[in-house]
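Inside the fold
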Amino acid sequence: MKPYNNKAWWLVLPVFVLVAFSAIIPMMTVVNYSVQDIFDPSTRYFVGTEWYREILSDPRLHDSLVRQFIYSFCVLAIEIPLGIIVALSMPRRGLGVPVSLILLALPLLVPWNVVGTIWQIIGREDIGLYGSLLNGLGIDYNYASSPRDAWITVLIMDVWHWTSLVALLCYSGLRSIPDVYYQAARIDRASAWAVFRYIQLPKLKNVLLIAVMLRFMDSFMIYTEPFVLTGGGPGTATTFLSQTLTQMALGQFDLGRAAAFSLIYFLIILLVTWVFYTAMTHNDDKG
Amino acid sequence: MSWMAWTLPTASFFVIIALMLVGMSIWQTVSPGHQRKGFLPISTTRGDRLFIGLLAAAYAHLLALALTGWPLWIVTLVCVAGLIALLKWG
């Protein structure tokens, strides 16, 4: 068998150097911090796995983790089907294409903290479009005092911000399907559902894989929007993992514990992303 | 490098990981491996099996810390044996 030509790996070297400085070296530092009680690099005490034991038995973090999983599950359950529906509804030719692409891209251009501020105002029960409308309809809505309302608002805000990404990815996937597939489906008198199930969905698999992974990772690390909107409240109702981590690292300046926590956080994201990736590419290997 | 707050155990850990990666790269260059199916439910390359083994080892250590009072060196030994088995038959 012809051996591999590994010379192309040299082309990866610049990226590797960049990743080393932006990710690997900081991560190694986090690992070092996680086994020490540390105030600064010159004032530190080795504590071994003590922080990990504490973190793993901390009920505050268990609650944050559960909230985070529920939140990411809801985000994926809403945004992925909605993104597909939006992409399927978009025009394929004419002036409608650039118009819909620009409209969809707009929420993606808004910075995270601005999104939080926008929804903080929209959701206000006295002057906000959404808040005052709901209260005007007789629905008791107040995201600042009701955990249920806070959750709904944070979810709607995320859906508003990020469904466009899923829709744009799906739209690009749909546009790449050759017309012959649709012609064959027409000859077979396939229903719209059959076209979606046996042509469009299989062809969308790769972009959906990217969309699911991006949205999972991003929603699992969400910080700015709920922080600006609810500050993690009411109580701790919308305090997710990254906010708990920030409180620990910056609020309490408990760097060792925060480092141990962030490594556990990283391992969770790594495992779930790997499971998603493996599950969605599993059939490729069989083929 | 003092800003990275190195300790001997973490330095040893990273040296072992780096040696594993270099060793795997040399192994792959000298004797290229291919995707195959072992006792794992998916077909994997050597790199996949190393990744799965290391990730499983990390979780095994966390589980041992959370649920048991076992000394970690026992867990590490079990993980090393598991990693070798995974690379050979996984």
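Residues numbered from 1 in each chain as written. Chains lettered and ligands numbered in written order. Predicted model: local features only at pLDDT ≥ 70, side-chain atom pairs only at ≥ 80, totals over all residues. Heavy atoms only, no water.

Secondary structure assignment for chain A yields 13 helices and 2 strands. In terms of principal-axis extent, the alpha carbons of chain A reach across some 75 × 75 × 30 Å. Looking at chain A as a whole, 42% of its 287 residues are labelled buried. Across chain A, the fraction of contacts at a sequence separation of at least 24, relative to all contacts at a separation of at least 6, is 68%. If you sum the accessible surface of chain A, you get close to 15,800 Å²; carbon and sulfur atoms cover 70% of it. For chain A, the distance from the average site of its 19 positive side-chain charges to the average site of its 19 negative ones is 15 Å. (Helix = DSSP H or I, 4+ residues; strand = E, 2+ residues; numbered from the N terminus. Buried < 20%, exposed > 50% of the residue type's maximum accessible area, 1.4 Å probe, protein only. Contact = heavy atoms within 4.5 Å. Areas by Shrake-Rupley, 256 points an atom, 1.4 Å probe, with all protein chains shown as cover. Lys, Arg positive; Asp, Glu negative; His and termini not counted. Charge placed at Lys NZ, Arg CZ, Asp CG, Glu CD.)

Attention shifts here to the environment of A:V195. Residue and element names in this part refer to chain A. The topology assignment puts V195 in helix α9 (residues 192–203). Exposure remark for V195: the relative accessible area of 14% places this residue in the buried category. Placed 10 residues apart in sequence, V195 and A185 show a C-alpha to C-alpha distance of 6.7 Å. Discounting chain neighbours no more than four positions away, the residues touching V195 are Y182, A185, A190 and Q200.

Reports of interface size often rely on the accessible area that becomes lost once the parts have come together. On the chain A side, the residues contacting the 28 residues of chain B number 28 residues. For the chain B and chain A pair, buried surface summed over both sides reaches about 2,500 Å², with 74% attributable to carbon and sulfur atoms. Considering only the side of chain B, the residues that lose the most area to chain A are B:Y59, B:L62 and B:L65, jointly responsible for 21% of the buried surface there. Across the chain B-chain A interface, the total number found is 0 salt bridges. Connecting chain B to chain A are 7 residue pairs in polar contact (both at pLDDT 80 or more). Elements supplying a minimum of two residues to the side of chain B that touches chain A: α1 (8–30) and α2 (46–67) of chain B. Here the element with the most residues in the side of chain B that touches chain A is α2(B); it accounts for 8 residues. Taken together, the residues that form the side of chain B that touches chain A break down as 18 nonpolar, 10 polar and no charged. (Buried area = accessible area lost by both parts, 1.4 Å probe. Salt bridge = Lys/Arg side-chain N within 4 Å of Asp/Glu carboxyl O. Polar contact = N/O pair within 3.5 Å; in protein donor to acceptor, adjacent residues only side chain to side chain. Nonpolar A, V, L, I, M, F, W, Y, C, P; charged D, E, K, R; others polar.)

On to the pairing of strand β1 (residues 36–40) of chain A. Successive side chains on a regular strand alternate, one facing one side of the sheet and the next facing the other. All names here are of chain A. The pairing of β1 with strand β2 (residues 43–46) spans 4 bridges and is classified as antiparallel. Across the sheet, D37 pairs through a bridge with Y45, a residue of β2. Taking the residues that link successive antiparallel strands as the turn, the β1-β2 hairpin has 2 residues. (Pairing = 2+ DSSP bridges.)

With that settled, consider the UniProt feature "transmembrane region" (unreviewed entry) in chain A. Residues and elements named next belong to chain A. In the numbering used here, UniProt assigns the "transmembrane region" (unreviewed entry) feature to residues 69–89, 101–122, 150–171 and 258–277. Secondary structure across residues 69–89 comprises 100% helix and 0% strand; the distance between its end C-alpha atoms is 30 Å. Secondary structure over residues 258–277 splits into 100% helix and 0% strand, and the C-alpha atoms at its two ends are 28 Å apart. (UniProt positions renumbered as here; feature names shortened; annotations may be inferred.)

This brings us to the packing of α1(B) against α2(B). Residues and elements named next belong to chain B. Where α1 contacts α2, the axes come no closer than 11 Å and their chain directions differ by 160°. With respect to α2, the axis of α1 lies roughly antiparallel. Along this stretch, α1 crosses α2, giving a crossing that reads as right-handed. The residues of α2 that touch α1, namely those facing I17, M20, L21, M24, W27 and Q28, are R46, G47, L50 and L54. (Axes fitted to C-alpha atoms, helices over the stretch in contact; angles between N-to-C directions. Parallel < 35°, antiparallel > 145°, perpendicular 65-115°, else oblique. Left-handed = near helix turned anticlockwise from the far one by under 90°.)

On to the environment of A:V86. All names here are of chain A. Relative to the helices and strands, V86 is located in helix α3 (residues 59–89). On the accessibility criterion, V86 (26% relative accessible area) is partly exposed. For the pair V86 and L104, spaced 18 residues apart in the sequence, the C-alpha separation amounts to 9.6 Å. Apart from residues lying up to four places away in sequence, V86 is in contact with L104 and A167.

Attention now moves to helix α5 (residues 112–122) of chain A. Along an α-helix, residues three or four positions apart point the same way, because every turn accommodates 3.6 residues. Residues and elements named next belong to chain A. Considered for burial, the residues of α5 that qualify are V115, G116 and W119. Down the axis of α5, the sector holding all buried residues measures 100°, keeping them to one side. For α5, the elements touching its buried residues are α6 (129–136), α7 (147–175) and α11 (224–229). (Arc of directions from axis to C-beta.)

Here we come to the UniProt feature "domain: ABC transmembrane type-1" (unreviewed entry) in chain A. Mapped onto the present numbering, the UniProt feature "domain: ABC transmembrane type-1" (unreviewed entry) falls at residues 65–276 of chain A. Measuring from the first to the last C-alpha atom of residues 65–276 of chain A gives 19 Å, for a span that is 77% helix and 0% strand.

Residue and element names in this part refer to chain A. One pass over the structure, following the stated rule, counts 8 salt bridges over all chains. The partner of R257 in a salt bridge is D58, with the nearest N and O atoms 3.3 Å apart. Of this pair, R257 sits in helix α13 (residues 255–286) while D58 sits in the loop between α2 (50–56) and α3, placing them 199 residues apart in sequence. By relative accessible area, R257 is classed as buried at 10%. The partner of R124 in a salt bridge is D126, with the nearest N and O atoms 2.8 Å apart. For R124, a relative accessible area of 36% translates into the label partly exposed. Here D126 falls in the partly exposed class, since its relative accessible area comes to 48%. When salt bridges that share partners are traced, they join E54, D58, D254 and R257 into one network.

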